[in-house]
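# A closer look at the structure
Each chain, written out:
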Amino acid sequence: MNIDVIFSANEVTKDRVEGKIVVVIDVLRATSVMLTAMNNGAVEIRPFKEINKLISYTKDLKGILRCGERNGTKIVGFDLGNSPLEYKSEIVHGKIICMTTSNGTNALVNSSYGKKIFIGSFFNLDLLCKKINEIGEDLVIVCAGTNGEFSLDDSLCAGEIVKRLEYRTLSDSARAMYMIASIPGTLKDKLKETKHYNFLKELGEVKDLENCFSVDSQNIILEYRDGIIKKYEE
Ligand code: MLT
């Protein structure tokens, strides 16, 4: 397989993802939330780019949770924000989650032209990479980034994915991700000076900064298809 990496939601174009296997990553925190919610029994997740669209879509729906953030903080009137730790089984089990975040849901919706679109984070690296190796087709890893900019948390996760795959060629961006993920040191050490890490720390979301780096803590594969995220079925 050939592997490419895109650094932010804004850089996703139809040309780069069409016909390819795509993995969308927003470690801090949208894809970590999605995996946790589904792992704890949510039925499905519907991502939205815009708050207004989500609100009008859910106006008359029952059994749903309105979830997401702007500027890292829960949207006023919504049920849950964007910390994976909020998505406990007693809250999300059996529920449909409608979600909008600043970058992660944009990255997903922008990737809709992909042939198969998976959700990635540090939580599900092992199972996800086994599945991608088994599929063996060209892959594009889409990092959500932060407001159009490169973000090291997503990129380190992309690099870990590249390291675990049986690739034939790497684009320069994929090779760069491989190289930064291969530098010795803990994830925390690599990330503690970064912008989004410190932004969440200032918001008091310190527990997320431990939790979102729990490598291989979940045995789950999610697929985004026809506007809905569900557990992957072959
Ligand atoms: C996003 O989608 O931009 C992030 O998940 C923001 C956050 O950390 O809450």
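Residues numbered from 1 in each chain as written. Predicted model: local features only at pLDDT ≥ 70, side-chain atom pairs only at ≥ 80, totals over all residues. Heavy atoms only, no water.

### Topic: the overall build of the protein
Counting its secondary structure elements, the protein contains eleven helices and eleven strands. With the C-alpha coordinates of the protein rotated into their principal frame, the extents come out at 50 × 40 × 30 Å. In the protein, which comprises 234 residues, the proportion classed as buried is 52%. Across the protein, contacts joining residues at least 24 apart in sequence account for 77% of those joining residues at least 6 apart. With 31 positive and 33 negative side-chain charges, the protein shows a separation of 3 Å between the mean positions of the two kinds. (Helix = DSSP H or I, 4+ residues; strand = E, 2+ residues; numbered from the N terminus. Buried < 20%, exposed > 50% of the residue type's maximum accessible area, 1.4 Å probe, protein only. Contact = heavy atoms within 4.5 Å. Lys, Arg positive; Asp, Glu negative; His and termini not counted. Charge placed at Lys NZ, Arg CZ, Asp CG, Glu CD.)

### Digging into the packing of helix H7 (residues 152-164) against helix H8 (residues 172-182)
Relative orientation of the contacting elements H7 and H8 amounts to 95°, with a least axis distance of 7 Å. When the axis of H7 is compared with that of H8, the two are roughly perpendicular. Taking contact as the criterion, the partners of Leu-152, Ser-155, Leu-156, Ala-158, Gly-159, Glu-160, Val-162 and Lys-163 in H7 are, on H8, Ala-174, Met-177, Tyr-178, Ile-180, Ala-181 and Ser-182. Each residue belonging to the contact of H7 with H8 can be placed in one class, and the counts come to nine nonpolar, three polar and two charged. (Axes fitted to C-alpha atoms, helices over the stretch in contact; angles between N-to-C directions. Parallel < 35°, antiparallel > 145°, perpendicular 65-115°, else oblique. Nonpolar A, V, L, I, M, F, W, Y, C, P; charged D, E, K, R; others polar.)

### Considering the side chain of Asn-124
Following the sequence through the fold, Asn-124 ends up in the loop between strand S7 (116-120) and helix H6 (125-135). When its relative accessible area of 1% is taken as the criterion, Asn-124 is described as buried. Side-chain polar atoms of Asn-124 contact the backbone nitrogen of Ser-121, separated by 3.2 Å. Those residues in contact with Asn-124, other than ones at most four positions away along the chain, are Leu-35, Ile-119, Asp-216, Gln-218 and Ile-220. (Polar contact = N/O pair within 3.5 Å; in protein donor to acceptor, adjacent residues only side chain to side chain.)

### Side note on the site of the ligand
Within the structure, the ligand sits among 13 residues, and Arg-29, Asn-82, Thr-101, Asn-103 and Gly-104 are positioned closest to it. Leu-28 places a main-chain nitrogen or oxygen 3.1 Å from an oxygen atom of the ligand. The contact in question runs from an oxygen atom of the ligand to an N or O atom on the side chain of Arg-29, over 2.8 Å. Looking at the shell around the ligand, its residues break down into three nonpolar, seven polar and three charged. (Near = heavy atom within 4 Å.)

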